[in-house]
2 protein chains.
Amino acid sequence: MSVVGIVATIKVQAGKEAEFEKVFSDLRAKVRANEAGNLQYDFFKMKDEPTYIVMEQYASEQAMAEHGQSEHFKAAGPALGAVLAGRPTLQIVSKVE
Amino acid sequence: MSVVGIVATIKVQAGKEAEFEKVFSDLRAKVRANEAGNLQYDFFKMKDEPTYIVMEQYASEQAMAEHGQSEHFKAAGPALGAVLAGRPTLQIVSKVE
């Protein structure tokens, strides 16, 4: 069972970056504290635009599914929805060990 | 000085995946062993195509520059060039801590 990687690209409404970063930092803390199968959940900002990249790793496809179904992830939905500029795009990949 | 992230997308010639993975695994071992400023150098394969994603993190822009100038990175150039299907694309981003 190989480690699953995700690169998520998240576009945020201009001017809502600080609000997004606060909500996502809070989500990140909960993911790292509550999800044993999560191996990485780091996020990064692009230079000249309100777009963020999330680097994620999960111990298995099951762990990735549990992330998506977790209470803390669902609870962050409305606050994230209020600041995003469209649906995030995900690249789901398998780690080469 | 924030941590620099890179998401590199590397297209490999069909049928050359195993060769690429061997060369890149070797490079990864050298990066991790020799570059104090490198914090992450993981690579992943896309599901249905000979394309790889590399998640990289560097302690600083200086560390990222040192990576690109390192002997082991330059030495891997020809072997990688022989199996790639075009220039890699890089997204360079700043980590949100």
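This text gives an overview of the structure that appears in the document.

Reading guide: rules and limits
- Residues numbered from 1 in each chain as written.
- Chains lettered and ligands numbered in written order.
- Predicted model: local features only at pLDDT ≥ 70, side-chain atom pairs only at ≥ 80, totals over all residues.
- Heavy atoms only, no water.
- Pairing = 2+ DSSP bridges.
- Helix = DSSP H or I, 4+ residues; strand = E, 2+ residues; numbered from the N terminus.
- Axes fitted to C-alpha atoms, helices over the stretch in contact; angles between N-to-C directions.
- Contact = heavy atoms within 4.5 Å.
- Salt bridge = Lys/Arg side-chain N within 4 Å of Asp/Glu carboxyl O.
- Buried < 20%, exposed > 50% of the residue type's maximum accessible area, 1.4 Å probe, protein only.

Take the sheet that holds strand β3 (residues 51–58) of chain A next. Sheet architecture is closed into a barrel: eight strands sit in the order β1(A)-β3(A)-β2(A)-β4(B)-β1(B)-β3(B)-β2(B)-β4(A), paired in antiparallel fashion. With direction set aside, neighbouring strand axes in the sheet form an average angle of 35 degrees. Inspection of the sheet shows strand β1 (residues 4–11) of chain B paired to strand β3 (residues 51–58) of chain B by eight bridges, in the antiparallel sense. Bridge pairing in β3(B) places Ala8(B) opposite Val54(B). Where helix α1 (residues 17–34) of chain B meets the sheet, its contacts fall on β1, β2 (38–46) and β3 of chain B, and the angle it forms with β2(B) comes to roughly 170 degrees.

In this section: the pattern of salt bridges. As enumerated under the stated definition, the model contains six salt bridges over all chains in all. The salt bridge involving Lys95(A) is made with Asp42(B); its shortest N-O contact spans 3.7 Å. Placement of Lys95(A) in strand β4 (residues 89–95) and of Asp42(B) in strand β2 is noted, with the two residues assigned to different chains. Across the pair, exposure class does not vary: Lys95(A) and Asp42(B) are buried alike. Via salt bridges that share partners, Arg28(A), Asp42(A) and Lys95(B) belong to a single interconnected network.

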